[in-house]
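Chain and residue survey
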Amino acid sequence: MTCDCQSWREKLTNKKATYKFEEGNAQMRGLLGGKGANLAEMTGMGIPVPPGFTITTEVCNMYYELGKIMPPGLEEEIGEQMAVLSKKMGKGFGDPKNPLLVSVRSGAKFSMPGMMDTILNLGLNDETVEGLAALSNNPRFAYDAYRRFIMMFSDVVMDLPKSEFEKILRAKKEAEGVKEDSKLSAEALKDVVVKYKAFFKEEKGFEFPQDVRKQLSEAVLAVFRSWMNERAIIYRNHEKIPHNLGTAVNVQSMCFGNMGETSGTGVAFSRDYNVGTKGLVGDFLLNAQGEDVVAGIRKVATIDELNNIMPECYKQLNEIADNLEHHYNDLQDMEFTIENGRLFMLQTRNGKRTAAAAVKIAVDMVHEGLIDKEEAVMRVAPEQLDRLLHPFIPDKVKKQAQADGSMLAKGTAASPGAACGRVVFDKNEAVRLSAEVPVILVRIDTTPEDAAGMLVAKGILTSTGGPSSHAALVARGWGIPCVVGCEALHIDIENKTISVNGKTVKDGDYLTIDGTTGEVMFGELPLEEPKDLTPETKELLGWADEFRRLKVYTNADNPKDAARARNFGAQGVGLCRTEHMFMEVERLPYVQEMILIAGKAESGHRQREALLHEISEASGRQKEKLEAKLAEFDVEHIPAWNRYHELLRKLLEFQRGDFCGILEAMQGCWTIIRLIDPPLHEFLPKHGPLFEDVVRLRTLKEVDEKAYEKALSEIRAKRGPEVTYESLCELLGRVEKMSECNPMLGLRVCRLGIVFPEIVKMQVRGIMEAACGLIKEGVDAKPEIMIPGVGTVEEMRWNRQVVEEIAEKVMAETGITVKYKVGTMVEIPRAALTAGDIATEAEFFSFGTNDLSQTTFGYSRDDAAKTFVPVYLDKHILKADPFQVLDQVGVGRLMKMAVKEGRATRGADMEIGICGEHGGEPSSVAFCHEIGLTYVSCSPYRVPIARLAAAQAAICEGRKK
């Protein structure tokens, strides 16, 4: 693609490709990127910022539109800006006696720490390095800057591996007998530069570039390229940042933290990013450049050390931090450099923080009068609340680890929460294994290239680095437990081992880390879930409740989950799955026997009813024959019917107790109990293993009696002592008879209640007896009975009549009146399409969006996740997994129709909610608010997320008006 200079400029805002810092402001983030906009804002505030200019994000997009070439005329405009910058600094770009050096940094609209590229000290060559040495009277500083530039330029622009340059540097330090870069002499650094350049020429076939203008042009293009590198794409996908925003490029005059003991560099936060307490925190390094802090290659000092070394600079930094925090009304993450005792600010941005810190900072800022409650509610991302409920290691487990030697070491707590998993040393291995087992990514230090592995890891562990290192920053942003700077660990990446205190941890071994305390333990230690929210979180969610319209219910199948959800703020139960109660060990034998005779008993009962009807209409000889037939029929079928009801009565006892517990835990709140939903064969033994056992016994039965008895004994050990070969054959036959070609669409949901009404009657009796008993004791039990999978109004009517018949019987027997409702789960498209008709019989709707998504898309949820959905996401055929994020276009349209038609029939106050796991996903919650649902329901641990998401949806709606 080609175009002339004028045509691409016509597409730019104000037809400008570059802006001096003094020409921009914080509101220009989309154009100047976050870094450029904030540098411009700080410049306007009078804060000491080295001058520079920004190439806009639009130019980056134009670079890609033009086929990845430098837009015509851009080099000339950059040259004009460099001339202005040279004049401001009193230096010359490429001047061998008084050289101007610059940094070239990326800067997108949304912060992407470490994901794109930076080059420092650009403008150095064999001549300007001598000028810098003479000008500063510090040859060591000049050659340290030059070797850094060669390595960064070679890595970022020329794709030469940084690790090869680091090998050269390590070899030189070993030869000189020093451990830190800062201890190398000027002569040693000169030799490093020579070796760097020789390696460059050997690999590239030409000399290291000496033309400073060519250096700058190539660096700008490299930053543009970095917008679409793998790690940046992975980060944007995770953070849901659009790929079409582009990155700006910031060209800024250098200030130097590596000029000696009166210089340094650091990262500071205006509040603690881990816990949220007010006060300056961060990392600092003397005689260093910024990359040393972020890369974690040197042991950092805390920011408090700066107060001891350079108190005036510390005082000024504190004042600037306070000024910036009040200006932006948010936690500030600042980069600074001190050059010969003079402080310069290189960046400020709203800082990444842990979930706990995000909540505390938002609440504290309300109390400090910086923001209001509405802004505080909008400040915390709903997903962050999920991280507040990170697992932790109980104290008793840690004490045991101390006692048995499992406690290996302690590093720096970088991102809270505990995690355990198999040790992996490589990002690709992490990605491969993470689909099967939890992994802990172990590195000496991480770089942006590790992003794919970090994203899938349950925890991250490094032996170097501090709280501002790359590993710490990314882990905190992604909510991954992380321990950094664990220096006691000797990590051998090549041999994939960790050595510590005479112990060796190998690739594949299990480690447990505590990102809250920094502790590292051997083995797979048991973790626990938090049982309560912090006081600040409760306060924030209390404010959220003032704004939201949607109610938040929970999905709970037992009293423990119901009580936990209520503690998290649930206002009711949106889904209690009765079938889960059948799977408990002491009940399963009764359930399985009941299922195996249900067909015979129910069909026999229907035949008997038909016979009785015939007898009632017959007379004389015909009647006598029918009565004889009935007597003969009863001999065969009444025992099965009686045993069937005996089993149902046993299950009724269990179910009544289950419902008592949940209704009591949720007293005063509506509790929606779904009648049995899955196919009955799901409660029976799996066909494959059962078939294998039968074949095994059949093969041995006639040929080897001892082997047969041994095999039977082994099978009895797992299936029960009464098992025989004959009983296994009978069981296999019944399992095969009950199998279906497509069980998802077979004998399940409301269809079960119609074919096997006695099961449903037992469940309804259990619900109503539990409610009556509780009400008699003064407990406000409020059950709602939900019929699953209704597709026609006739199905709904039939099931409702059964429910009401049993409910009325129980209330008559007990003399207790229960306020209850009967409704349906809308989970197949026909229910949504005929919602107006179904609403004549259903008092409430609840969208079962897991199955509604399956039946709308025609996808099998379990199969899709393992096969084509990952491919569809990768190829952008799907924007999101429809079983995680609600499909608002297709499934959402069905929901809108059902809401409109249902309420047109039953009234505007008809209760309609959602009970799939979409009920705890923030964008899905916002959609539910938009279409006017009554409530969302989700798992207990997602209740806080739904409360906050519902409030934010209401606030956003209000702001649009």
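The preceding data block contains the structure.
Computed from a prediction, not measured in an experiment: that's the story for all the values here.

**So, the overall build of the protein**
If you tally the helices and strands in the protein, you get 39 helices and 29 strands. Taken along the three principal axes of its C-alpha coordinates, the protein extends 130 × 75 × 55 Å. In the protein, which comprises 961 residues, the share counted as buried stands at 56%. Partitioning the intrachain contacts of the protein with sequence separation of at least 6 by distance along the chain shows that 70% fall at a separation of at least 24. Carbon together with sulfur atoms contributes 50% to the accessible area of the protein, which is approximately 40,400 Å² in total.

**A closer look at the sheet that holds strand β18 (residues 497-500)**
Across the sheet, which stays open at both edges, the 3 strands sit in the order β17-β18-β19 with antiparallel pairing between neighbours. If you trace the sheet from one side to the other, it starts and ends with β17 (490-492) and β19 (503-506), each paired once. Direction aside, neighbouring strands of the sheet carry axes that sit 20 degrees apart on average. Here β17 runs beside β18; their pairing, made up of 3 bridges, is antiparallel. Across the sheet, H490 pairs through a bridge with S499, a residue of β18.

**Some remarks on the packing of helix α21 (residues 535-547) against helix α39 (residues 943-960)**
Interhelical geometry of α21 versus α39 gives an angle of 45 degrees and a closest axis separation of 8 Å. Relative to α39, the element α21 lies oblique. The hand of the α21/α39 crossing is left-handed. Together, L541, G542, A544, D545 and F547 of α21 and P944, R947, L948, A951, A954 and I955 of α39 make up the contact between the two elements. For the contact of α21 with α39, a count of residues per class yields 8 nonpolar, 1 polar and 2 charged.

**Structural notes on the packing of helix α6 (residues 139-156) against helix α7 (residues 162-176)**
Geometrically, a packed helix pair is captured by the angle between its two axes and the distance between the axes. It is the contact of α6 with α7, at a shortest axis distance of 9 Å, that shows an interaxial angle of 155 degrees. The orientation of α6 relative to α7 falls into the category roughly antiparallel. Taken together, the residues of α7 that come into contact with α6 (itself represented by R147, I150, M151, S154 and D155) are K162, F165, E166 and L169. Residue classes in the contact of α6 with α7 are distributed as 4 nonpolar, 1 polar and 4 charged.

**Looking at the packing of aromatic side chains**
Counted according to the given criterion, the structure contains 19 aromatic pairs. Taking the centre distance of 4.9 Å and the plane angle of 75 degrees together, the rings of F141 and F256 count as edge-to-face. Placement of F141 in helix α6 and of F256 in the loop between β5 (247-253) and β6 (264-271) is noted, with a sequence separation of 115 residues between them. Among the residues examined, F256 registers a relative accessible area of 5% and is labelled buried. Taken together, a centroid distance of 4.3 Å and an interplanar angle of 10 degrees make the contact between Y553 and Y935 stacked. Residue Y553 is located in strand β22 (residues 551-555), and its partner Y935 is located in strand β29 (residues 935-938); the two are separated by 382 residues in the primary sequence. For the pair formed by Y553 and Y935, the shared burial category is buried. Aromatic rings pair up to connect F149, F153, F200, F206 and F208 into one cluster. A cation over a ring is seen here: K16 above Y19, with NZ or CZ 4.7 Å from the ring centre.

**Notes on the sheet that holds strand β2 (residues 52-55)**
One open sheet accounts for 5 strands, arranged β1-β2-β5-β3-β4; its pairing is antiparallel. The open sheet has two edge strands with one neighbour each: β1 (18-20) and β4 (118-122). Put simply, the sheet's adjacent strands are angled 20 degrees from each other on average, direction ignored. Note: strand β3 (residues 102-108) against β5, 7 bridges, orientation antiparallel.

**Focus on the pairing of β19**
Alignment of β18 against β19, held across 4 bridges, turns out to be antiparallel. Paired with T497 across the strands is K506, a residue of β19. From the end of β18 to the start of β19, which pair antiparallel, there are 2 residues, and N501 there has a positive phi angle of about 50 degrees.

**Re the state of the cysteines**
Note on terminology: a disulfide is the covalent bond linking the sulfur atoms of two cysteines. Within this structure, the stated rule accounts for 0 disulfides. Not engaged in a disulfide, the cysteine C576 finds its nearest cysteine sulfur in C915; these two sulfurs lie 11 Å apart. Exposure remark for C576: the relative accessible area of 0% places this residue in the buried category. Here C772 is not cross-linked by a disulfide; its sulfur's nearest cysteine counterpart is in C660, at 10 Å. A residue is classified by how much of its surface remains accessible, and C772, at 2% relative accessible area, is buried.

Criteria and cut-off values
Residues numbered from 1 in each chain as written. Predicted model: local features only at pLDDT ≥ 70, side-chain atom pairs only at ≥ 80, totals over all residues. Heavy atoms only, no water. Helix = DSSP H or I, 4+ residues; strand = E, 2+ residues; numbered from the N terminus. Buried < 20%, exposed > 50% of the residue type's maximum accessible area, 1.4 Å probe, protein only. Contact = heavy atoms within 4.5 Å. Areas by Shrake-Rupley, 256 points an atom, 1.4 Å probe, with all protein chains shown as cover. Pairing = 2+ DSSP bridges. Axes fitted to C-alpha atoms, helices over the stretch in contact; angles between N-to-C directions. Parallel < 35°, antiparallel > 145°, perpendicular 65-115°, else oblique. Left-handed = near helix turned anticlockwise from the far one by under 90°. Nonpolar A, V, L, I, M, F, W, Y, C, P; charged D, E, K, R; others polar. Phe/Tyr/Trp six-rings, centres within 6.5 Å; stacked < 30°, edge-to-face > 60°. Lys NZ or Arg CZ within 6 Å of the ring centre and 35° of its normal. Disulfide = S-S within 2.5 Å.

Nothing here speaks to function; it is all geometry.
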